[in-house]
Amino acid sequence: NYLEMIRDQTFWETIGRTLYFTVVSVGLEMLGGLAIAQLITSHPWGWKLLRFSLIIPWAVPTIVNGAMWRWIYSGDFGALNGVLMQFGLIKHYIPWLTFPNLAMPLVILADTWHTMPLIALILQAALAALPEELDEAAAVDGANTWQRFLKIRLPLLRPAILVALIIRTVEAFRVFDIVYIITSGGPASKTITITYLTYLFSFPYGKQGIGAALSILVSVV
(Lines give C-alpha, C1' and ligand atoms only; values in the text may rest on other atoms or scores of the structure.)
Protein backbone atom coordinates (compact mmCIF):
# COMPACT_ATOMS: atom_id res chain seq x y z
CA ASN A 1 0.00 0.00 0.00
CA TYR A 2 2.78 2.44 0.87
CA LEU A 3 4.73 1.60 -2.30
CA GLU A 4 1.65 1.97 -4.45
CA MET A 5 0.92 5.28 -2.78
CA ILE A 6 4.36 6.85 -3.29
CA ARG A 7 4.54 5.60 -6.89
CA ASP A 8 1.26 7.31 -7.77
CA GLN A 9 1.70 10.70 -9.44
CA THR A 10 -1.67 11.77 -8.09
CA PHE A 11 -0.33 11.36 -4.55
CA TRP A 12 2.55 13.78 -5.12
CA GLU A 13 0.30 16.27 -6.89
CA THR A 14 -2.03 16.13 -3.90
CA ILE A 15 0.85 16.67 -1.47
CA GLY A 16 1.92 19.77 -3.41
CA ARG A 17 -1.66 21.03 -3.49
CA THR A 18 -2.04 20.47 0.26
CA LEU A 19 1.22 22.28 1.02
CA TYR A 20 0.10 25.18 -1.19
CA PHE A 21 -3.18 25.41 0.69
CA THR A 22 -1.41 25.21 4.06
CA VAL A 23 1.30 27.78 3.36
CA VAL A 24 -0.96 30.35 1.69
CA SER A 25 -3.93 30.08 4.07
CA VAL A 26 -1.82 30.04 7.24
CA GLY A 27 0.36 32.87 5.92
CA LEU A 28 -2.66 35.05 5.14
CA GLU A 29 -4.24 34.23 8.49
CA MET A 30 -1.08 35.09 10.43
CA LEU A 31 -0.53 38.40 8.61
CA GLY A 32 -4.18 39.41 8.74
CA GLY A 33 -4.61 38.26 12.34
CA LEU A 34 -1.53 40.18 13.46
CA ALA A 35 -2.74 43.33 11.69
CA ILE A 36 -6.19 43.07 13.28
CA ALA A 37 -4.69 42.38 16.71
CA GLN A 38 -2.45 45.42 16.39
CA LEU A 39 -5.42 47.53 15.31
CA ILE A 40 -7.50 46.45 18.31
CA THR A 41 -4.58 47.06 20.68
CA SER A 42 -4.28 50.65 19.43
CA HIS A 43 -7.87 51.16 20.70
CA PRO A 44 -9.46 53.00 17.75
CA TRP A 45 -13.08 54.12 17.84
CA GLY A 46 -15.32 51.06 18.15
CA TRP A 47 -12.49 48.66 19.01
CA LYS A 48 -14.61 46.77 21.53
CA LEU A 49 -17.27 46.13 18.88
CA LEU A 50 -14.54 45.00 16.48
CA ARG A 51 -13.14 42.56 19.02
CA PHE A 52 -16.61 41.18 19.72
CA SER A 53 -17.45 40.85 16.01
CA LEU A 54 -14.37 38.69 15.46
CA ILE A 55 -16.10 35.86 17.30
CA ILE A 56 -18.87 35.65 14.69
CA PRO A 57 -16.92 34.22 11.68
CA TRP A 58 -14.93 31.89 13.93
CA ALA A 59 -18.06 30.64 15.75
CA VAL A 60 -19.76 29.66 12.50
CA PRO A 61 -19.41 25.85 12.03
CA THR A 62 -17.08 24.93 9.17
CA ILE A 63 -19.84 23.10 7.31
CA VAL A 64 -22.08 26.19 7.48
CA ASN A 65 -19.17 28.40 6.45
CA GLY A 66 -18.46 26.18 3.45
CA ALA A 67 -22.11 26.19 2.39
CA MET A 68 -22.25 29.97 2.75
CA TRP A 69 -19.20 30.52 0.54
CA ARG A 70 -20.43 28.00 -2.01
CA TRP A 71 -23.57 30.14 -2.35
CA ILE A 72 -21.46 33.31 -2.54
CA TYR A 73 -19.44 31.81 -5.42
CA SER A 74 -22.50 30.38 -7.18
CA GLY A 75 -22.60 31.09 -10.90
CA ASP A 76 -26.41 31.30 -10.89
CA PHE A 77 -27.31 33.46 -7.88
CA GLY A 78 -24.06 34.11 -6.01
CA ALA A 79 -23.48 37.26 -3.99
CA LEU A 80 -20.02 37.73 -5.49
CA ASN A 81 -21.48 37.97 -8.99
CA GLY A 82 -24.24 40.24 -7.71
CA VAL A 83 -21.80 42.71 -6.16
CA LEU A 84 -19.55 42.74 -9.23
CA MET A 85 -22.58 43.29 -11.46
CA GLN A 86 -23.73 46.21 -9.27
CA PHE A 87 -20.35 47.91 -9.71
CA GLY A 88 -20.30 47.19 -13.42
CA LEU A 89 -17.15 45.06 -13.23
CA ILE A 90 -18.73 42.10 -15.03
CA LYS A 91 -21.51 41.92 -17.63
CA HIS A 92 -22.80 38.42 -16.86
CA TYR A 93 -22.66 35.93 -14.04
CA ILE A 94 -19.44 33.89 -13.88
CA PRO A 95 -19.26 30.27 -12.61
CA TRP A 96 -16.20 30.92 -10.43
CA LEU A 97 -15.78 27.39 -9.11
CA THR A 98 -15.50 25.88 -12.60
CA PHE A 99 -12.08 27.45 -13.25
CA PRO A 100 -9.34 24.94 -12.25
CA ASN A 101 -6.73 27.59 -11.43
CA LEU A 102 -9.16 29.74 -9.46
CA ALA A 103 -10.96 27.15 -7.34
CA MET A 104 -8.19 26.61 -4.75
CA PRO A 105 -7.62 30.35 -4.10
CA LEU A 106 -11.37 30.74 -3.58
CA VAL A 107 -11.36 27.89 -1.05
CA ILE A 108 -8.37 29.49 0.68
CA LEU A 109 -10.26 32.80 0.88
CA ALA A 110 -13.22 31.07 2.53
CA ASP A 111 -10.96 29.27 5.01
CA THR A 112 -9.03 32.45 5.80
CA TRP A 113 -12.22 34.38 6.55
CA HIS A 114 -13.31 31.64 8.91
CA THR A 115 -10.11 31.15 10.92
CA MET A 116 -8.32 34.52 10.83
CA PRO A 117 -10.37 35.76 13.82
CA LEU A 118 -8.92 32.96 15.97
CA ILE A 119 -5.37 34.11 15.19
CA ALA A 120 -6.36 37.72 15.83
CA LEU A 121 -7.86 36.90 19.23
CA ILE A 122 -4.80 34.87 20.30
CA LEU A 123 -2.36 37.60 19.27
CA GLN A 124 -4.51 40.40 20.66
CA ALA A 125 -4.58 38.69 24.05
CA ALA A 126 -0.79 38.36 23.91
CA LEU A 127 -0.38 42.02 22.91
CA ALA A 128 -2.61 43.15 25.78
CA ALA A 129 -0.39 41.27 28.23
CA LEU A 130 2.86 42.91 27.08
CA PRO A 131 4.46 45.38 29.52
CA GLU A 132 3.75 48.93 28.39
CA GLU A 133 6.90 50.25 30.05
CA LEU A 134 9.16 48.83 27.33
CA ASP A 135 7.13 50.45 24.56
CA GLU A 136 6.97 53.78 26.39
CA ALA A 137 10.72 53.75 27.09
CA ALA A 138 11.47 53.11 23.42
CA ALA A 139 9.15 55.95 22.43
CA VAL A 140 11.00 58.29 24.78
CA ASP A 141 14.29 57.21 23.21
CA GLY A 142 12.97 58.23 19.80
CA ALA A 143 11.78 54.93 18.30
CA ASN A 144 8.85 55.32 15.92
CA THR A 145 5.78 53.06 15.86
CA TRP A 146 7.18 50.69 13.24
CA GLN A 147 10.50 50.33 15.08
CA ARG A 148 8.75 49.65 18.39
CA PHE A 149 6.63 46.99 16.72
CA LEU A 150 9.57 45.21 15.05
CA LYS A 151 12.07 45.47 17.91
CA ILE A 152 9.86 45.11 20.99
CA ARG A 153 6.37 43.78 20.35
CA LEU A 154 7.13 41.21 17.66
CA PRO A 155 9.95 39.45 19.59
CA LEU A 156 7.77 39.31 22.71
CA LEU A 157 4.94 37.86 20.62
CA ARG A 158 6.96 34.88 19.40
CA PRO A 159 5.51 32.35 21.89
CA ALA A 160 1.92 33.32 20.99
CA ILE A 161 2.76 33.34 17.27
CA LEU A 162 4.29 29.87 17.58
CA VAL A 163 1.19 28.50 19.31
CA ALA A 164 -1.13 30.00 16.69
CA LEU A 165 1.14 28.80 13.88
CA ILE A 166 1.20 25.21 15.13
CA ILE A 167 -2.56 25.07 15.68
CA ARG A 168 -3.40 26.46 12.25
CA THR A 169 -0.75 24.49 10.36
CA VAL A 170 -2.06 21.20 11.74
CA GLU A 171 -5.65 22.14 10.94
CA ALA A 172 -4.82 23.43 7.45
CA PHE A 173 -2.79 20.37 6.48
CA ARG A 174 -5.70 18.04 7.28
CA VAL A 175 -8.38 20.28 5.76
CA PHE A 176 -11.36 18.31 4.48
CA ASP A 177 -14.79 19.68 5.29
CA ILE A 178 -14.58 23.07 3.59
CA VAL A 179 -13.18 21.45 0.41
CA TYR A 180 -15.89 18.79 0.51
CA ILE A 181 -18.66 21.38 0.81
CA ILE A 182 -17.43 24.05 -1.63
CA THR A 183 -15.87 22.08 -4.50
CA SER A 184 -15.97 18.34 -3.67
CA GLY A 185 -12.38 18.17 -4.93
CA GLY A 186 -13.13 19.71 -8.33
CA PRO A 187 -12.87 21.06 -10.86
CA ALA A 188 -10.51 18.57 -12.54
CA SER A 189 -9.33 17.41 -9.08
CA LYS A 190 -7.61 20.78 -8.53
CA THR A 191 -8.80 21.12 -4.92
CA ILE A 192 -8.22 17.55 -3.72
CA THR A 193 -6.10 17.67 -0.55
CA ILE A 194 -4.38 14.77 1.19
CA THR A 195 -7.23 14.25 3.66
CA TYR A 196 -9.80 14.39 0.88
CA LEU A 197 -7.75 11.87 -1.10
CA THR A 198 -7.78 9.63 1.99
CA TYR A 199 -11.57 9.83 2.02
CA LEU A 200 -11.78 9.02 -1.69
CA PHE A 201 -9.59 5.93 -1.41
CA SER A 202 -11.26 4.72 1.78
CA PHE A 203 -14.91 5.04 0.73
CA PRO A 204 -15.82 5.86 -2.91
CA TYR A 205 -12.88 3.89 -4.38
CA GLY A 206 -13.12 1.08 -1.81
CA LYS A 207 -9.32 0.85 -1.31
CA GLN A 208 -9.18 0.85 2.48
CA GLY A 209 -5.54 -0.26 2.56
CA ILE A 210 -4.27 2.79 0.71
CA GLY A 211 -6.68 4.94 2.69
CA ALA A 212 -5.20 3.62 5.93
CA ALA A 213 -1.67 4.29 4.67
CA LEU A 214 -2.63 7.87 3.81
CA SER A 215 -4.24 8.29 7.24
CA ILE A 216 -1.03 7.23 8.97
CA LEU A 217 0.94 9.65 6.79
CA VAL A 218 -1.32 12.52 7.80
CA SER A 219 -1.01 11.52 11.47
CA VAL A 220 2.79 11.44 11.25
CA VAL A 221 2.93 14.88 9.64
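Note: the structure precedes this text.
Bear in mind the structure is a predicted one, so any value in this text is a computation, not a measurement.

Undergrad: Could you give an account of the overall build of the chain, naming the residues involved and the relevant values?
TA: Check the secondary structure of the chain and you find 13 helices and zero strands. Principal axes of the C-alpha set define a box for the chain whose edges measure 65 × 50 × 25 Å. The buried share of the chain, taken over its 221 residues, is 43%. With an accessible surface of roughly 12500 Å², the chain has 68% of that area assigned to carbon and sulfur atoms.

Undergrad: I'd like a description of the environment of Leu54, backed by residues and values.
TA: Structurally, Leu54 can be placed in the loop between α3 (47-53) and α4 (55-59). Take Leu54: its relative accessible area is 8%, and that puts it in the buried class. Between the C-alpha atom of Leu54 and that of Ile90, which follows or precedes it by 36 residues, the distance is 31 Å. Leave out the neighbours within four places in its chain, and Leu54 touches Ile36, Ile40, Pro117, Ala120 and Leu121.

Undergrad: I'd like a description of the pattern of salt bridges, backed by residues and values.
TA: If you walk through the whole model with that rule in mind, you get five salt bridges. In this structure, the salt-bridge partner of Glu29 is Arg168, at a minimum N-O distance of 2.6 Å. Placement of Glu29 in helix α2 (residues 9-41) and of Arg168 in helix α10 (residues 158-173) is noted, with a sequence separation of 139 residues between them. On the basis of relative accessible area, Glu29 is assigned to the buried category, the value being 0%.

Undergrad: Help me get a handle on a nonpolar patch on the surface, residues and values and all.
TA: Among the surface-exposed residues, Leu49, Phe52, Ile55 and Trp58 lie close enough to one another that they form a single nonpolar patch of about 440 Å² accessible area. At the level of secondary structure, the elements contributing two or more residues to the nonpolar patch comprise α3 and α4. Inspection of the secondary structure assignment puts Ile55 in helix α4. Here Ile55 falls in the partly exposed class, since its relative accessible area comes to 38%.

Undergrad: So, the side chain of Thr191: which residues are in play, and what are the values?
TA: Structurally, Thr191 is set in the loop between α11 (177-182) and α12 (194-202). There is a polar contact of 2.6 Å between the side chain of Thr191 and the backbone oxygen of Gly186. Once you skip the residues sitting within four places of it in the chain, Thr191 turns out to touch Arg17, Ala103, Met104, Val107, Val179, Thr183, Gly185 and Gly186.

Undergrad: Explain the packing of aromatic side chains residue by residue, including any values.
TA: A complete count under the given rule lists twelve aromatic pairs for this structure. For the pair Phe176 and Tyr199, a centre-to-centre distance of 5.4 Å together with 65° between the ring planes defines the contact as edge-to-face. Here Phe176 is found in the loop between α10 and α11, whereas its partner Tyr199 is found in helix α12, with 23 residues between them in sequence. Residue class for Phe176 comes out partly exposed when judged on its relative accessible area of 24%. Since its relative accessible area comes to 25%, Tyr199 is described here as partly exposed.

Undergrad: Any details on the nonpolar core? Residues and values, ideally.
TA: Among the nonpolar cores identified, the biggest contains 46 residues, and Ile182 and Leu214 are the most heavily contacted of them. For this core, the element with the highest residue contribution is helix α7 (residues 100-128), accounting for nine residues. The residues touching Leu214, leaving out its near neighbours within four places in the chain, are Met5, Phe11, Ile194, Leu197, Thr198 and Phe201.

Undergrad: How would you summarise the environment of Gly206 if you had to cite specific residues and measurements?
TA: For Gly206, the position within the fold is in the loop between α12 and α13 (208-220). The class of Gly206 is partly exposed, set by a relative accessible area of 40%. Along the primary structure Gly206 and Gly27 are separated by 179 residues, whereas in three dimensions their C-alpha atoms are 35 Å apart. Among residues more than four places away in sequence, those in contact with Gly206 are Leu200 and Phe201.

Cut-offs applied
- Residues numbered from 1 in each chain as written.
- Predicted model: local features only at pLDDT ≥ 70, side-chain atom pairs only at ≥ 80, totals over all residues.
- Heavy atoms only, no water.
- Helix = DSSP H or I, 4+ residues; strand = E, 2+ residues; numbered from the N terminus.
- Buried < 20%, exposed > 50% of the residue type's maximum accessible area, 1.4 Å probe, protein only.
- Areas by Shrake-Rupley, 256 points an atom, 1.4 Å probe, with all protein chains shown as cover.
- Contact = heavy atoms within 4.5 Å.
- Salt bridge = Lys/Arg side-chain N within 4 Å of Asp/Glu carboxyl O.
- Patch = residues over 30% accessible without salt bridge, like charges linked within 9 Å, V, L, I, M, F, W, Y side chains within 5 Å.
- Polar contact = N/O pair within 3.5 Å; in protein donor to acceptor, adjacent residues only side chain to side chain.
- Phe/Tyr/Trp six-rings, centres within 6.5 Å; stacked < 30°, edge-to-face > 60°.
- Core = buried A, V, L, I, M, F, W, Y, C linked by side-chain atoms within 4.5 Å.

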